[in-house]
Amino acid sequence: GQNIDQPTEMTATEGAIVQINCTYQTSGFNGLFWYQQHAGEAPTFLSYNVLDGLEEKGRFSSFLSRSKGYSYLLLKELQMKDSASYLCAVSSGGYNKLIFGAGTRLAVHP
Amino acid sequence: KAGVTQTPRYLIKTRGQQVTLSCSPISGHRSVSWYQQTPGQGLQFLFEYFSETQRNKGNFPGRFSGRQFSNSRSEMNVSTLELGDSALYLCASSSGTRGSETQYFGPGTRLLVL
C-alpha cells in the first residue's frame, strides 16, 4: 500500500527553528516534494528531493533518506507568516502522480 | 508568467447533477493534473493529462472524468453528484516532459453538493 505519515500539528515560537518529519512507504519513488498551504489557498512548492541528502533554499531546507523512507523539512528563523499546513508528497506510480500526506499544521506564536 | 487559473472558484450543486470545472495551465506547460482535497482524505490524485491524452489515473469512480484540449487547457467533469463530492478541486500544471516534476497549483474550485 501507499502510506505517508507526518505529525498532525506543531507549534513553535517566532525566530525559532522547527523540523517537520515525514515517513513514507510507497510502491515506487520518483522524488519527494514539500508544499506549503495557507488556509483557503492553493499549495505552493517549497522543495524537491530525489537523491539522499540535504537541499537548502533560504530559510527552508529539506532532507531525504531513501533507505529509511524518511524526509524532514527544516524551517529556520520562523516568522508569523510561516503559520500554515506543510504537505509532504511522494511522486509514485507514473507521470506526475503525487501521493500526499495529511499535512502538518504549524502554528507560530510570538 | 501568469499562474494556473481555475474557473469557477465556487460552485453549489445538488445531488444528481453534473458539474464541469476548468483549468488553464501556466503558459508552455503541457501537463495538467487534478486533485481532490477534503478534510477527511486530504489531497488525492484524480488524473493527469498530457497532449490531450490521459497518462495517469487515481482510484476514483468513473463518474469523475476529464479531458484536455490542444491548447493544454483541461476540464474535469463529475456526473451524478453525491454529497461526498463536496471538496476543493485543485489542478496543477507542469511541463510534462519528465515523470516527476514540480507541479504548480491553481487556486482551486470549491464545490458544495447539497
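Read on for a plain summary of the structure. Everything quoted here is computed from the prediction, not taken from an experiment.

**A look at the sheet that holds strand S1 (residues 3-5) of chain A**
Residues and elements named next belong to chain A.
Inference 1: Spatially, S1-S3-S8-S7-S6 is the arrangement adopted by the five strands of the open sheet, whose pairing is antiparallel. Of all the strands in the sheet, just S1 and strand S6 (53-57) have a single pairing partner and so form its edges. With strand direction ignored, the average angle separating the axes of adjacent strands in the sheet is 15°.
Inference 2: Relative to strand S8 (residues 70-75), strand S3 (residues 18-25) is paired through six bridges, and the arrangement is antiparallel. Bridge pairing links glutamine 19 to leucine 74 in S8.

**Description of the layout of surface pockets**
Inference 1: The computed volume of the largest pocket comes to approximately 1000 Å³.
Inference 2: Looking at the largest pocket, it is lined by 42 residues, and the ones nearest its centre are Gln37, Thr38, Gln41, Gly42 and Leu43 of chain B.
Inference 3: Secondary-structure elements contributing two or more residues to the lining of the largest pocket are S1, strand S9 (84-91), strand S10 (98-100) and strand S11 (104-109) of chain A together with strand S4 (31-38), strand S5 (42-50), strand S9 (87-94) and strand S11 (109-113) of chain B.
Inference 4: It is S5 of chain B that contributes the most residues to the lining of the largest pocket, four residues altogether.
Inference 5: Residues of the lining of the largest pocket, tallied by class, amount to 18 nonpolar, 20 polar and four charged.

Here is what the cut-offs are and how they apply
Residues numbered from 1 in each chain as written. Chains lettered and ligands numbered in written order. Predicted model: local features only at pLDDT ≥ 70, side-chain atom pairs only at ≥ 80, totals over all residues. Heavy atoms only, no water. Pairing = 2+ DSSP bridges. Helix = DSSP H or I, 4+ residues; strand = E, 2+ residues; numbered from the N terminus. Axes fitted to C-alpha atoms, helices over the stretch in contact; angles between N-to-C directions. 1 Å grid on protein atoms, 1.4 Å probe; cavity = no way out; pocket = protein on both sides within 12 Å on 5 of 7 lines; lining within 4 Å. Points joined across faces, edges and corners; volume = space filled by probe spheres on them. Nonpolar A, V, L, I, M, F, W, Y, C, P; charged D, E, K, R; others polar.

Don't take any of this as a statement about function, it's just geometry.
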